[in-house]
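Topology and contacts: notes
Take a look at the letters that make up each chain.
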Amino acid sequence: MTKLKWGMIGGGEGSQIGPAHRLGSQADGLFSFEAGALDVDAAKGRAYAQSLGIAADRAYGDWKEMLAGERGRDDKVDLVTVATPNNTHFEITKSFLEAGFHVLCEKPMTMTVEEGEEIVRVAKASGKTCAVNYCYSAYPMVRQMKAMVAAGELGAIRTVVANFSHGHHAAGDDADNPRVRWRYDPAQAGVSGQMADCGIHALHMASFITGDEVEKLSADFASTVKGRVLEDDAMVNFRTMKGTVGRLWTSTIALGRQHGLDIAIYGEKGGMRWASEQPNQIIYNRLGARTEIIEKGEAGLSEDAQRMSRVAIAHPEGFPLAVANIYVDLAAKIRGEGKGNLPTAEDGLRSMAAVFAAVDSASKDGAWVDARPPMFR
Ligand SMILES: NC(=O)C1=CN([C@@H]2O[C@H](COP(=O)(O)OP(=O)(O)OC[C@H]3O[C@@H](n4cnc5c(N)ncnc54)[C@H](OP(=O)(O)O)[C@@H]3O)[C@@H](O)[C@H]2O)C=CC1
Ligand SMILES: O=C1CO[C@H](CO)[C@@H](O)[C@@H]1O
């Protein structure tokens, strides 16, 4: 099978997410890395792209040059990944979709709800795929949890408790760290810091696993590090469309917590929890029974959990392979072979609506506000 052609914008040398996209896109031999505008500094971006094996004429200085260069080629890239800071996602994603490219955009998909709605419209009109990199939903055992909820193994879901709390932005003297500073700069990050950076992953997981959506929420935001404009800690209570009670804590100042993404689902007949730092196990309790550990690779897992797992039982499969699962489903969708369980532009829009609702609620002492995008009300 001929490989699809892939290009990336952002994800340059030293970036946090760039390596995961390179490893993920290459893991299954489905995409060849053909073009990139990898850095905000044109010279650095061109040099780094070439050091990764990209031809000089496709190692672009910026995304506009890449769009102009690629759209005229017979062998243009099929898929473009947008892995730049948040304030550029909308313009780049919209432009590439309109020019006929498939796009995988990093989260948050846009800076505003209106932009999110615009991307949903543009993606639909273009007929191209626009996915958003909610990659934690592509861990095998997260797929297993989704399948178990859908099969009714937990009964009606009562409560979802999600955390995405780490301690890596706890140092007040780290404000100039280039990996940190844009995350608290409203011009580059948007109206929210940690809620938009990590909280939306946890909220997406809650929706993804339960097959439900956030309807309304109440938020408490805090900026605990002196001088920080945007929140670095947030507690959000929410309710879903089906009436499930939701709790979310997201923080960047929780020293001692490393990645800090975990989720628990409690239903009438059972409960289960999963943590991204122990991704191969689900801790499961049936009502009245002893605790069970469900292990990646064991017999009897859902078809989707098996499909998303590459190596035998007990061998760790981690973050880059979860990202690879997103690329597997993207390749299938681009080839018209199925949709998998891809996070979509609609998911990206729902996240933006939740972020804006949380900012609004926090400014009103935690008043409950509608968290649905106007387009879906
Ligand atoms: N899905 C996930 O799990 C994760 C998602 N993310 C998301 O990915 C995006 C990038 O985050 P992260 O990698 O942590 O950020 P970093 O700051 O670590 O890296 C950003 C990279 O993009 C480059 N860049 C900045 N602006 C442009 C531009 N206009 N054109 C081309 N390249 C540009 C930077 O260059 P330079 O170094 O010179 O500034 C750098 O190489 C964010 O939106 C973030 O929310 C991040 C981590 C995990
Ligand atoms: O999306 C993300 C998930 O993980 C990181 C934390 O480790 C975040 O900073 C990031 O933007």
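Criteria and thresholds
- Residues numbered from 1 in each chain as written.
- Chains lettered and ligands numbered in written order.
- Predicted model: local features only at pLDDT ≥ 70, side-chain atom pairs only at ≥ 80, totals over all residues.
- Heavy atoms only, no water.
- UniProt positions renumbered as here; feature names shortened; annotations may be inferred.
- Helix = DSSP H or I, 4+ residues; strand = E, 2+ residues; numbered from the N terminus.
- Buried < 20%, exposed > 50% of the residue type's maximum accessible area, 1.4 Å probe, protein only.
- Polar contact = N/O pair within 3.5 Å; in protein donor to acceptor, adjacent residues only side chain to side chain.
- Contact = heavy atoms within 4.5 Å.
- Near = heavy atom within 4 Å.
- Areas by Shrake-Rupley, 256 points an atom, 1.4 Å probe, with all protein chains shown as cover.
- 1 Å grid on protein atoms, 1.4 Å probe; cavity = no way out; pocket = protein on both sides within 12 Å on 5 of 7 lines; lining within 4 Å.
- Sits in = over half its atoms within 2 Å of the grid points.
- Nonpolar A, V, L, I, M, F, W, Y, C, P; charged D, E, K, R; others polar.
- Axes fitted to C-alpha atoms, helices over the stretch in contact; angles between N-to-C directions.
- Parallel < 35°, antiparallel > 145°, perpendicular 65-115°, else oblique.
- Left-handed = near helix turned anticlockwise from the far one by under 90°.

Let's talk about the UniProt feature "domain: GFO/IDH/MocA-like oxidoreductase" (unreviewed entry) in the protein chain
Mapped onto this structure's residue numbering, the UniProt feature "domain: GFO/IDH/MocA-like oxidoreductase" (unreviewed entry) falls at residues 142-272. Taken end to end, residues 142-272 is 26% helix and 33% strand, and its two terminal C-alpha atoms sit 11 Å from one another.

Here's the deal with the side chain of arginine 143
Following the sequence through the fold, arginine 143 ends up in helix 6 (residues 140-150). Looking at arginine 143, the relative accessible area reads 2%, which means it is buried. There is a polar contact of 2.9 Å between the side chain of arginine 143 and the side chain of aspartate 304. Contacts of arginine 143, omitting those with residues within four sequence positions, involve Ser137, Ala138, Phe208, Ser302, Asp304, Ala305, Arg307, Met308, Asp329 and Asn341.

Topic: the site of ligand 1
Around ligand 1, the surrounding shell holds 28 residues, and the nearest of these are Asp39, Asn86, Lys107, Arg179 and Arg183. Backbone polar atom of asparagine 133 to a nitrogen atom of ligand 1: 3.2 Å apart, as the coordinates give it. For ligand 1, an oxygen atom lies 3.1 Å from a polar atom in the side chain of tyrosine 136. Calculation on ligand 1 without its partners gives an accessible area of 920 Å², and the protein chains cover 90% of this total. Of all the cavities here, the one that holds ligand 1 is the largest pocket. Counted by class, the shell around ligand 1 contains 11 nonpolar, 10 polar and seven charged residues.

A closer look at the environment of glutamate 215
The residue glutamate 215 is located in strand 7 (residues 214-222) in this model. Placed 27 residues apart in sequence, glutamate 215 and lysine 242 show a C-alpha to C-alpha distance of 8.7 Å. Dropping the residues within four chain positions of it, glutamate 215 is found in contact with Arg239, Thr240, Met241, Val369, Asp370, Ala371 and Arg372.

Some details on the packing of helix 1 (residues 18-26) against helix 11 (residues 319-334)
Where helix 1 meets helix 11, the closest approach of the two axes is 7 Å, and the angle between their N-to-C directions is 60°. Taken together, the axis directions place helix 1 and helix 11 in an arrangement best described as oblique. At the point where helix 1 passes helix 11, the crossing takes the right-handed sense. Of helix 11, the residues touching helix 1 (which contributes Ala20, His21, Leu23, Gly24 and Ser25) are Phe319, Pro320, Val323, Ala324 and Tyr327. Of the residues belonging to the contact of helix 1 with helix 11, the class tally is seven nonpolar, three polar and no charged.

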